[in-house]
Amino acid sequence: MITPTLDLERSLAAQGYDLITGFDEVGRGALAGPVMVGCAAIWACDLAPLDGDDSAELSGRTYLGVPDGVADSKMLTEHRREAIFDELRDWCAAYAVGQASNTEIDEWGITYALGVAALRALSQVERELGLRLGGGLTAKKAAGEIVEGRPGGSVGEFIGNCEGSVRALPKVAGILDGPSDYITKALNTFDAPDVPIPADITTKVKGDQHCATVATAAVIAKVTRDRLMVDLAQSNPRYAAYEWAHNKGYGSAAHRAAIAEHGPTPLHRVSWHLT
């Protein structure tokens, strides 16, 4: 199993970015339920220099290391993802999981829905870190768009080694798993939330295998969505036949057979080929 590193995050820090965010999606191929995008943020000044060593101590400072046990979420068992979930959330300066509903996916298409979900997560992360333009709260948050995130606070509560070194208008970098930047494409569109400081996005194929922030975002998003699908499965006896607690909304044989027999529910993506 490949262990992610902080190499790309350090490289972005060396380019002058103050906040590094990793993004990964979950639920793109599901037949039911929302798509979610996790965002895991760390301060650049908590990272060792490029020629330094993870967790090296210099002048009394301990730098951020790769969290223990983190890896591509698809390579971890459900039990292992659950076991490291709280540790990964604590590792982040801030984190959030944004979602786009099945009806939004049907209306917008999956690519744009992913972009909006990612911007909802980024907007939440920046609010929690106190990043605002013009001294006011510019980000919009509608009910249900953010499903997981740390309670809000101010910059001073989260800056770690960065006290006194974060500029008034921080530069934000984002690392997005995959080859396509759907985040920037969705920015400033009608349905997207306002983001106080847009992130400059770098795409990274298999980023969840190679970048610690992306891998962390992937696990947080995966656990969050899996828990939601289990809760939905138990919320209505009508949903039992679809076995979402086991398939998490993906197209298993039992799930497709249930759709064929009972029809789609209000949580299915009806624009998709369901059977």
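Whatever comes next refers back to the structure up there.
Computed from a predicted model, the values in this text were never measured in an experiment.

Colleague: Explanation requested: the overall build of the chain in the structure shown.
Modeller: Across its full length, the chain holds nine helices and eight strands. Here the chain holds 275 residues, and 52% of them are scored as buried. The long-range share in the chain, meaning contacts at least 24 apart out of those at least 6 apart in sequence, stands at 76%.

Colleague: What is the right way to read unusual backbone geometry from this model?
Modeller: Peptide bonds are mostly trans, and most non-glycine residues show a negative phi. Positive phi is not limited to glycine here, since Asn188 has a value of about 65°. Along the chain, Asn188 turns up in the loop between α5 (182-186) and β8 (200-204). Taking relative accessible area as the criterion, Asn188 reaches 69% and is therefore assigned exposed. We note that Lys248 has phi near 55°; this positive angle belongs to a residue other than glycine. Relative to the elements of secondary structure, Lys248 occurs in the loop between α8 (244-247) and α9 (253-262). You can call Lys248 buried: its relative accessible area is 7%.

Colleague: I keep staring at the pattern of salt bridges and nothing clicks. Help me out?
Modeller: In a structure, side chains of opposite charge can pair up when their charged atoms sit close to one another. Applying the stated criterion across every chain, the model contains seven salt bridges. Salt-bridge contacts for Arg28 lead to Glu25; the nearest nitrogen and oxygen are separated by 2.5 Å. Residue classification places Arg28 among the partly exposed positions, given a relative accessible area of 35%. Asp86 is the partner of Arg89 in a salt bridge, and the nearest nitrogen-oxygen pair spans 2.4 Å.

Colleague: Would you mind going over the nonpolar core with me for this structure?
Modeller: As a rule of thumb, nonpolar side chains are buried together in soluble globular proteins. Counting 35 residues, the largest nonpolar core has Phe23, Leu129 and Ile183 as its most contacted members. Of the residues forming this core, the biggest block, ten residues, is contributed by helix α4 (residues 110-128). Counting residues in hydrophobic clusters, the runner-up holds 32 residues, among them Ile84, Trp91, Ala217 and Val219.

The rules behind each value
- Residues numbered from 1 in each chain as written.
- Predicted model: local features only at pLDDT ≥ 70, side-chain atom pairs only at ≥ 80, totals over all residues.
- Heavy atoms only, no water.
- Helix = DSSP H or I, 4+ residues; strand = E, 2+ residues; numbered from the N terminus.
- Buried < 20%, exposed > 50% of the residue type's maximum accessible area, 1.4 Å probe, protein only.
- Contact = heavy atoms within 4.5 Å.
- Salt bridge = Lys/Arg side-chain N within 4 Å of Asp/Glu carboxyl O.
- Core = buried A, V, L, I, M, F, W, Y, C linked by side-chain atoms within 4.5 Å.

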